[in-house]
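Below are the chains, spelled out letter by letter.
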Amino acid sequence: GWKGETQVMQMDLSGYAVSAGSACSSGKVRASNVLRAMGFKDEDAASAIRVSLGLTTTRDDVLRFADTWMAHYNKHAARAA
């Protein structure tokens with residue numbers, strides 16, 4: 001229920017580059033065909049984001065990202081309630 005495009009904007013403002021689509025769909029705003037083919041509903045597929053890791057990404061980097069994402073999600077959930 002939290003649109004991928006909104007997540008991308010929130011994470012960008014926090015210094016993280018994520019995508020709401022597959023690598024081959026850069027610039028397109030629509031639900032992932034792959035997720036839909038896997039049986040996800042359009043709304044769920046439209047709420048997915050793609051997070052990429054690099055060779056230098058550490059466990060602490062991942063945990064900081066997760067904490068940041070959760071903080072933004074909790075704000076979204078509070079507004080939606």
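Check the entry above for the structure.
The present account deals with the structure reproduced in this document. Computed from a predicted structure; not experimentally measured.

About the thresholds
- Residues numbered from 1 in each chain as written.
- Predicted model: local features only at pLDDT ≥ 70, side-chain atom pairs only at ≥ 80, totals over all residues.
- Heavy atoms only, no water.
- Helix = DSSP H or I, 4+ residues; strand = E, 2+ residues; numbered from the N terminus.
- Buried < 20%, exposed > 50% of the residue type's maximum accessible area, 1.4 Å probe, protein only.
- Contact = heavy atoms within 4.5 Å.
- Areas by Shrake-Rupley, 256 points an atom, 1.4 Å probe, with all protein chains shown as cover.
- Phe/Tyr/Trp six-rings, centres within 6.5 Å; stacked < 30°, edge-to-face > 60°.
- Salt bridge = Lys/Arg side-chain N within 4 Å of Asp/Glu carboxyl O.
- Axes fitted to C-alpha atoms, helices over the stretch in contact; angles between N-to-C directions.
- Parallel < 35°, antiparallel > 145°, perpendicular 65-115°, else oblique.
- Left-handed = near helix turned anticlockwise from the far one by under 90°.

Once that is clear, we can look at the overall build of the protein chain. Looking only at helices and strands, one finds 4 helices and 0 strands in the protein chain. Each helix (α) and strand (β) of the protein chain, taken in turn from the N terminus, gives the series α-α-α-α. Out of the 81 residues in the protein chain, the part that is buried amounts to 20%. Considering only intrachain contacts with a sequence separation of at least 6, the fraction spanning at least 24 residues in the protein chain is 68%. Taken as a whole, the protein chain presents about 5,900 Å² of accessible surface, with 57% of it coming from carbon and sulfur.

The subject of this paragraph is the packing of aromatic side chains. Under the definition given, this model contains 4 aromatic pairs. Geometrically, the ring pair formed by tryptophan 2 and tyrosine 73 is tilted, given 5.9 Å between the ring centres and 55 degrees between the ring planes. Of this pair, tryptophan 2 sits in the segment before α1 (4–13) while tyrosine 73 is found in helix α4 (residues 59–80), placing the two residues 71 residues apart along the sequence. With a relative accessible area of 33%, tyrosine 73 lands in the partly exposed category.

Our focus in this paragraph is the pattern of salt bridges. Counted according to the given criterion, the structure contains 2 salt bridges. For aspartate 61, the salt bridge goes to arginine 64, with nearest N and O atoms at 2.6 Å. With aspartate 61 and arginine 64 both in helix α4 and 3 residues apart, the pair spans about one turn of that helix.

Attention shifts here to the packing of α1 against α4. Where α1 contacts α4, the axes come no closer than 10 Å and their chain directions differ by 120 degrees. One finds that α1 runs oblique with respect to α4. As for the relative orientation of α1 and α4, their crossing is right-handed in sense. Residues Gln7, Gln10 and Met11 of α1 lie in contact with α4, whose contacting residues are Phe65, Thr68, Trp69 and His72.

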